[in-house]
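As a plain string of letters, each chain reads:
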There are 2 protein chains.
Amino acid sequence: MPTSSPATAASSLPAIAQQTRDSARNLATQPTAVRDQALESIAQALEAASADILAANQADCEAATAAGLSAALFARLKLDETKLKGAIAGIRDVARLPDPIGAVQLHRELDQGLVLTRLACPLGVVGVIFEARPDAVMQIASLAIKSGNGVILKGGQEAVRSCEALVAAIHRGLAQTDIAPTVVQLLTTREETLALLKLDQYVDLIIPRGSNSFVRFVQDNTRIPVLGHAEGICHLYVDKAADVQKAIAIAVDAKTQYPAACNAIETLLVHQAIASEFLLEAVVALQLRNVELRGDDRTLDILNITTATEADWSTEYSDLILAIKIVNTLDEAIAHINTYGSRHTEAIATENAETAATFMAQVDAAGVFHNCSTRFADGFRYGFGAEVGISTQKMPPRGPVGLDGLVTYKYQLVGNGQIVATYAGTNAKPFTHRDL
Amino acid sequence: MPTSSPATAASSLPAIAQQTRDSARNLATQPTAVRDQALESIAQALEAASADILAANQADCEAATAAGLSAALFARLKLDETKLKGAIAGIRDVARLPDPIGAVQLHRELDQGLVLTRLACPLGVVGVIFEARPDAVMQIASLAIKSGNGVILKGGQEAVRSCEALVAAIHRGLAQTDIAPTVVQLLTTREETLALLKLDQYVDLIIPRGSNSFVRFVQDNTRIPVLGHAEGICHLYVDKAADVQKAIAIAVDAKTQYPAACNAIETLLVHQAIASEFLLEAVVALQLRNVELRGDDRTLDILNITTATEADWSTEYSDLILAIKIVNTLDEAIAHINTYGSRHTEAIATENAETAATFMAQVDAAGVFHNCSTRFADGFRYGFGAEVGISTQKMPPRGPVGLDGLVTYKYQLVGNGQIVATYAGTNAKPFTHRDL
């Protein structure tokens, strides 16, 4: 297991990456059944190694306790039998998902006997950098194998024993199959993270899973495409034509159902015509859930809460705090969102279909929602089966990304000796461009 | 026309970009007919301004002559009546292309009354940096407007008068429509190029059109996604089962039909079993077209040509030079391509279908071709109608990119008050996830 040994120096990383790339190229040509069978083999190897894995995790947890790790991080680090069984079941779920590779996206005759096909194919090698939670190893490795990609994992230092035990089991599982264990690699040192970001020759996509500042750091230090989001500043706009009860239920859910999630709302925008009616009732529901409210001047005329400052409009609280601003018009709400939002998910509560349509057309975000909670922005809820991340970038893949975020495509052109000179110049033969 | 004035300071660029963004948001909501009509209005304004445009270009050409501009650059700079008419006809062609925005890519019921739709929508603002050729202004502006995007153009200094006259006419054309002229902006100074690359708040995609080193410079100096290719190192592999005549015709076309193109081949790989037969005949055809040949040691045993060095395998000649290497196996050819190729377009000549299939599956490139010239890798030849560029990146869009490279998508979710709490926890309501 040279790749999971602490002795692995960053200087050998290109060699590891090249090996992963080579193994991944072979994996990419394996049929669906072989890749799915490999996932089953991994699941069985993890079951067989459960005791070792839990013992390794126990050692990580003891070290974490000694080091005074925060309760939140500790909760993510801790792996018990139930969590491990759940993660192994998740691997079998991934095996059952439709194969993301091989789909024909375009099939076109350019001329008689010259046929173009666009085929979904794996990206190659994906680098994933994650924090404490060791269960991410199983989830990511299974998504990578399903989609025909190699993966270089970099786990958090606090989870090193757990990650090594997990990857050792995954390697044992793969050793029973036609897929080289080296498609899954584990890095364990902080220096390797930086080195990984420089490997644009070998790594096709980086998925950072961590804090906003970490994602931003990754984006600023690599030429490799990054799938992720640096911020989730989402809004709910309560229109003058909103159903107040619906709007309150949505506001409460979007703020409190899981406040640390990136798709939770940070700011409530309220149309002035409905402000008193809505806010006086909403404040009770929100404060009942211990939400701290901060308002602009006009909100303070209605509610006795803290003053919101300019900084509040661009802050992702990730906590039970909600900023409130009263707007005069739909346009003002849209402008506020397009200025301060992070293009993640934005919602409107209104019974007016035309107003909703304008909002959904003009708001610039991966998700624009009407009369439902922003918390629905999630790969599982969208029915993607598995989520590799949520992207707030404009270029696809955007929003919640399923397995299709781990594939690209290639054009195959098959002829019988055709040359371009035939189709160029004064006597150029025309193309037929007929979709098949 | 503040944006095309030389007085525009780089410091005001964020303001210009913000203005473009605002105008583009309005453009994005305009129906197909309005955008197509705007293109017709631009075409008419350009026709009306033809004399001014040609005079401005004449002044640019005189300055270029005085400055000793290379003949190649001068040819690209020079705009005559035929070229201008052709470019204006191109704008009307773009108007006739299918609308790339508004397409429904996914339509799914998550639960009764909770419906998810994925819709193609514009990116926002595209920054395009190009060299001498002023006709690019017309092509890019029309593609941007068709796809609902704002565009910030940065033309070469040598074409400044031409670009200003063209953009002035485009603005006059747009002034007759519901689309704000500020969706098309022109920058003219070198300082503004660097400043543009820093505007990741406002610009969603950069398309550099220039030398490989320029594209690389852009990639290294921006956080904005870059659509382009730094290199085009393409190969033709002549398999042992190749039809020699077909292989020669393809090699000649792929090298000589337009040697400066990124999809021209730089290296010929030849299976040892066919090397003598193929090379002895191919050398005649290639040298007849003035191709300079460089070979590895084994090729030199057959042909009396220059020695190829290691550097040749990774050089894009963009000229009538071709490196030749003899390989023992298909695997060796694939490994060579995957090591030295730039993932642009790779071809095999063989009559063996199985060999072709292996090559096409295992070669890692945007285009993998069988028995046809690499020169077919082109948006127009693929039937995309217009090409915004060719991408050698792994993430989509990859290969020749049409109008669909200028669009992204957004998820619209429409409900009737649904909240996530209903679908979470022990009594979670299941999703239906039914495609509509």
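Worth saying up front: this structure is predicted, and the values here are computed from it rather than measured.

Participant: Help me out: how do you make sense of the relation of the copies chain B and chain A in this one?
Facilitator: One copy of the chain maps onto the other through a rotation about an axis plus a displacement along that axis. In the superposition of chain B on chain A (RMSD 0.0 Å, axial shift 0.0 Å), the rotation amounts to 180 degrees. The superposition of one copy onto the other is thereby described by a two-fold rotation axis. If distances are taken from each C-alpha of chain B to the rotation axis, the shortest is found for B:P396, at 3.7 Å. Both copies contact each other with a shared surface, as 100% of the interface residues of chain B are interface residues in chain A too.

Participant: When you look at helix α8 (residues 190–197) of chain B in this model, what are you seeing that I'm missing?
Facilitator: Each α-helix winds once per 3.6 residues, and so residues spaced three or four apart point in a common direction. Residues and elements named next belong to chain B. Residues E192, T193, L196 and L197 constitute the buried set of α8. The buried side chains of α8 occupy one side of the element, clustering within an arc of 140 degrees when seen end-on. Taken together, the buried residues of α8 touch α1 (13–28), β3 (125–130), β4 (150–154), β5 (184–187), β6 (205–209) and α9 (212–220).

Participant: How should the sheet that holds β4(B) be read in this particular structure?
Facilitator: The pairing of strands in a sheet comes from backbone hydrogen bonds and takes either a parallel or an antiparallel form. All names here are of chain B. Strand order in the open sheet formed by four strands is β5-β4-β3-β6, and the pairing between neighbours is parallel. Edge positions in the open sheet fall to β5 and β6, since each of these has one partner strand only. Averaged over all neighbouring strand pairs, the angle between strand axes comes to 20 degrees, with direction disregarded. Of the strand pairs in this sheet, β3 and β4 are connected by five bridges, and their pairing is parallel. Bridge pairing in β4 links V125 to G150. Sheet strands in contact with α1 are β3, β4 and β5, and its direction is about 145 degrees off that of β4.

Participant: Honestly, the interface of chain B and chain A in this entry has me stumped. Any pointers?
Facilitator: A common way to express how large an interface is: the accessible area buried when the components associate. Contacts between chain B and chain A engage 75 residues on the former and 75 residues on the latter. Each partner contributes to the roughly 6,200 Å² buried at the junction of chain B and chain A, and carbon and sulfur atoms together form 55% of this total. Our count for the contact surface shared by chain B and chain A stands at 10 salt bridges. Here A:R21 ties to B:D364 by a salt bridge, and the two come within 3.1 Å at their closest N and O atoms. At the boundary of chain B and chain A, one finds 54 residue pairs in polar contact (both at pLDDT 80 or more). At the level of secondary structure, the elements contributing two or more residues to the side of chain B that touches chain A comprise α1, β1 (104–111), β2 (114–122), α9, α10 (244–256), α14 (353–362), β13 (367–372) and β16 (407–418) of chain B. The element contributing the most residues to the side of chain B that touches chain A is β16(B), with 12 residues. Pairing geometry for strand β16 (residues 407–418) of chain A and β13(B), over five bridges, is parallel.

Participant: How should unusual backbone geometry be read in this particular structure?
Facilitator: Among all residues except glycine, the phi angle is most often negative; among peptide bonds, the trans geometry is most common. Cis rather than trans, the peptide bond between A:P396 and A:P397 has omega equal to -5 degrees. Locating A:P397 in the fold gives a position in the loop between β14 (389–391) and β15 (399–401).

Participant: Just checking my understanding: could you explain the domain arrangement of chain A for this structure?
Facilitator: Along its sequence, chain A is carved into domain 1 (2–220) and domain 2 (234–376). A straight line from the C-alpha centre of domain 1 of chain A to that of domain 2 of chain A covers 38 Å.

Participant: How should the environment of B:R76 be read in this particular structure?
Facilitator: Residue and element names in this part refer to chain B. Turning to its location among the elements, R76 is positioned in helix α4 (residues 71–77). Separated by 83 residues in the primary sequence, R76 and A159 have C-alpha atoms spaced 9.8 Å apart. Not counting residues within four places of it along the chain, the set of residues in contact with R76 comprises K83, E131, A132, R133, P134 and D135.

Participant: Looking at this structure, how should I read the sheet that holds strand β5 (residues 184–187) of chain A?
Facilitator: Residues and elements named next belong to chain A. Taken together, four strands build an open sheet; the order of strands is β5-β4-β3-β6 and the sheet is parallel. Edge positions in the sheet fall to β5 and β6 (205–209), since each has one partner strand and no second. When the angles between neighbouring strand axes are averaged without regard to direction, this sheet yields 20 degrees. Here helix α7 (residues 160–175) sits on the sheet and contacts β3 (125–130), β4 (150–154) and β5; the angle it forms with β5, its principal contact strand, is near 165 degrees.

Participant: Hey, could you run me through the side chain of A:T355 in this one?
Facilitator: All names here are of chain A. When you line up the elements, T355 lands in helix α14 (residues 353–362). Taking the relative accessible area as the measure of exposure, T355 reaches 14% and is therefore buried. Residues within four places of T355 in sequence aside, it is in contact with D239, L330, I348 and T350.

Participant: How should I be thinking about the pattern of salt bridges in this particular structure?
Facilitator: Note that side chains of opposite charge can pair when their charged atoms are close. Evaluation of the coordinates by the stated rule reveals 50 salt bridges over all chains. With a shortest N-O distance of 3.1 Å, A:R25 and B:D364 are connected by a salt bridge. Remark: B:D364 occurs in the loop between α14 and β13 and A:R25 occurs in helix α1 (residues 13–28); the pair is interchain, linking two chains. B:D364 sits in the buried class, given a relative accessible area of 13%. B:E81 serves as the salt-bridge partner of B:K85, at 3.8 Å between the closest nitrogen and oxygen. In this pair, B:K85 and B:E81 are both assigned in helix α5 (residues 81–96), four residues apart and thus about one turn of the helix distant. Within the structure, one salt-bridge network assembled from shared partners comprises A:R21, A:R25, A:D204, B:R343, B:D364, B:K394 and B:R398.

Participant: Got a minute to help me understand the side chain of B:N338 in this structure?
Facilitator: One can find B:N338 in helix α13 (residues 330–340). Reaching out from B:N338, the side chain makes a polar contact with the backbone oxygen of B:Q362 at a distance of 3.1 Å. Discounting residues that sit within four places of it in the chain, B:N338 has contacts with A:R25, B:Q362, B:V363 and B:D364.

Participant: Can you help me understand the packing of helix α2 (residues 32–48) of chain A against α7(A) in this one?
Facilitator: Two quantities define a packed helix pair, namely the angle between the helix axes and the distance between the axes. Residues and elements named next belong to chain A. Between α2 and α7, whose axes approach to 7 Å, the crossing angle comes to 130 degrees. Classified by the angle their axes make, α2 and α7 are oblique. In this structure, α2 meets α7 at a crossing whose hand is right-handed. Of the residues in α7, those in contact with A38, S41, I42, A45 and L46 of α2 are L166, A169, I170, R172, G173 and L174. For the contact of α2 with α7, the class distribution of residues is eight nonpolar, two polar and one charged.

Participant: Explain the pairing of β4(A) to me, please; I cannot follow it from the model alone.
Facilitator: Taken residue by residue, a regular strand's side chains alternate between the two faces of the sheet. Residue and element names in this part refer to chain A. For β4, the tally of buried residues reaches five of five residues, placing the bulk of the element in the interior. Covered by surrounding structure in β4 are G150, I152 and K154 together with V151 and L153, the residues of both alternating faces. Chirality of the crossover, the property in question, places the unit of β3, helix α6 (residues 135–146) and β4 among those that are right-handed. Pairing analysis gives four bridges linking β4 to β5, with the strands arranged parallel. From the neighbouring strand, L153 faces β5, where its bridge partner is L186.

The rules behind the values
- Each chain has its residues counted from 1, running along the sequence as written.
- Labels follow written order: the first chain is A, the first ligand is 1, and so on.
- The model is predicted, so local features are restricted to residues of pLDDT at least 70 and side-chain atom pairs to those at 80 or more, both for listing and for counting; the totals for chains, interfaces and linings are taken over all residues.
- For side-chain calculations, the full set of non-hydrogen atoms in the structure is used, while hydrogens and water are omitted.
- Least-squares fitting of one copy onto the other uses the C-alpha atoms of those residues that reach a pLDDT of at least 70 in both copies.
- Contacts are residue-level and defined by heavy atoms, with any inter-residue pair within 4.5 Å sufficient.
- Note on exposure labels: buried denotes an accessible area under 20% of the residue type's maximum, exposed denotes more than 50%, and partly exposed covers the range between, all computed with a 1.4 Å probe on protein chains only.
- Elements are defined by DSSP. Helices are runs of H or I of four residues or more, strands are runs of E of two residues or more, and each kind is numbered from the N terminus.
- The arc in question is the one spanned by the directions pointing from the helix axis to the C-beta atoms.
- When DSSP locates at least two bridges between a pair of strands, those strands are taken to pair.
- To get an axis, fit a line to the C-alpha atoms, keeping to the stretch in contact for a helix; angles then go from 0 to 180 degrees between the N-to-C directions.
- Summed over both partners, buried area is the accessible surface (1.4 Å probe) that two parts give up on being assembled.
- One side-chain nitrogen of Lys or Arg within 4 Å of one carboxyl oxygen of Asp or Glu is enough to make a salt bridge.
- A 3.5 Å cut-off defines polar contacts: any pair of N or O atoms within that distance qualifies, except that in protein one atom must be a possible hydrogen donor and the other a possible acceptor, and neighbouring residues in sequence count only when both atoms are side-chain atoms.
- Residue ranges for the domains trace back to a domain assignment, done automatically or taken from a database.
- Here the angle decides the label: under 35 degrees means roughly parallel, over 145 means roughly antiparallel, 65 to 115 means roughly perpendicular, and every other value means oblique.
- The handedness criterion is simple: a crossing whose near helix is rotated anticlockwise from the far helix by less than a right angle is left-handed, and one whose near helix is rotated clockwise is right-handed.
- Note that Gly is not counted as nonpolar here; it falls among the polar residues with everything else outside the nonpolar set of Ala, Val, Leu, Ile, Met, Phe, Trp, Tyr, Cys and Pro and the charged set of Asp, Glu, Lys and Arg.
- A crossover counts as right-handed when, viewed with the strands pointing away from the observer, the path leading from the first strand over the helix to the second turns clockwise.

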